[in-house]
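Observations on chain architecture
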Amino acid sequence: MSAGNDGLVRLWDIMGGQCMRTLVEETSQPIAAAMFAPNGSCIISSCTDSKIRLWDFVDSQVVGNLKGHKCEKFGLQPAVMSGPKGDMLVSGSEEGNILGWTASDGSVVLDSKEAHTGAVLCVDASDSGMLASCSSDAKSPPKVWKVTE
């Protein structure tokens, strides 16, 4: 899978090198990052219009927009973690916040204001409820969080 400034997500045949499918973002916003959901049912993309989009894998249409984080210049890769109440999508923000939305209805269930002093450039999650994050602030070390829903 690839994502780019042209607002397209492309799915590739890695053996043949051919583009198998192209997802077109409706506003042509640059797409900073894209990933498959762990269950393979959808594709998650982070755009520079501060929205995270959920794409239906079968019909290549946007089925949800998650809002609340600022992403205008950095490529913010979201992460998915499992919890007692189901899956949660987690993303960093350029303001230094970490946000989490429920996968079932998109409601905000985690809002860690000022988790970092710089833009949160990377988040990663484990199924055990641990979250790791790092920021653009060179003086701020990576952080590890225990997330409870």
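Everything below is about the structure printed above this text.
Here we take up the sheet that holds strand 3 (residues 19-24). On the basis of which strands lie adjacent, the open sheet formed by three strands has the order 1-2-3 and antiparallel pairing. Each having just a single partner strand, strand 1 (2-3) and strand 3 make up the two edges of the open sheet. Of the pairings in the sheet, the one linking strand 1 to strand 2 (residues 8-12) comprises two bridges and is antiparallel in character. Counted as the bridge partner of Ala-3 is Val-9 from strand 2.

So, on to the environment of Ala-3. Note on placement: Ala-3 falls in strand 1. As a C-alpha pair, Ala-3 and Met-35 span 32 residues in sequence and 9.3 Å in three-dimensional space. Other than its neighbours up to four places away in sequence, Ala-3 contacts Leu-8, Val-9, Ile-31, Ala-33 and Ala-34.

Here the focus is the layout of surface pockets. Its volume calculated, the largest pocket comes out at about 200 Å³. Listed by contribution, the elements that provide at least two residues to the lining of the largest pocket are strand 5 (42-47), strand 9 (86-92) and strand 10 (98-102). With three residues, strand 9 is the single largest residue contributor to the lining of the largest pocket. Looking at the lining of the largest pocket, its residues break down into eleven nonpolar, four polar and one charged.

To continue, consider the packing of aromatic side chains. The final tally for this structure, using the stated rule, is one aromatic pair. The ring of Phe-57 has Arg-21 lying over it, and the distance from NZ or CZ to the ring centre is 4.7 Å.

Here is what the cut-offs are and how they apply
- Residues numbered from 1 in each chain as written.
- Predicted model: local features only at pLDDT ≥ 70, side-chain atom pairs only at ≥ 80, totals over all residues.
- Heavy atoms only, no water.
- Pairing = 2+ DSSP bridges.
- Helix = DSSP H or I, 4+ residues; strand = E, 2+ residues; numbered from the N terminus.
- Contact = heavy atoms within 4.5 Å.
- 1 Å grid on protein atoms, 1.4 Å probe; cavity = no way out; pocket = protein on both sides within 12 Å on 5 of 7 lines; lining within 4 Å.
- Points joined across faces, edges and corners; volume = space filled by probe spheres on them.
- Nonpolar A, V, L, I, M, F, W, Y, C, P; charged D, E, K, R; others polar.
- Phe/Tyr/Trp six-rings, centres within 6.5 Å; stacked < 30°, edge-to-face > 60°.
- Lys NZ or Arg CZ within 6 Å of the ring centre and 35° of its normal.

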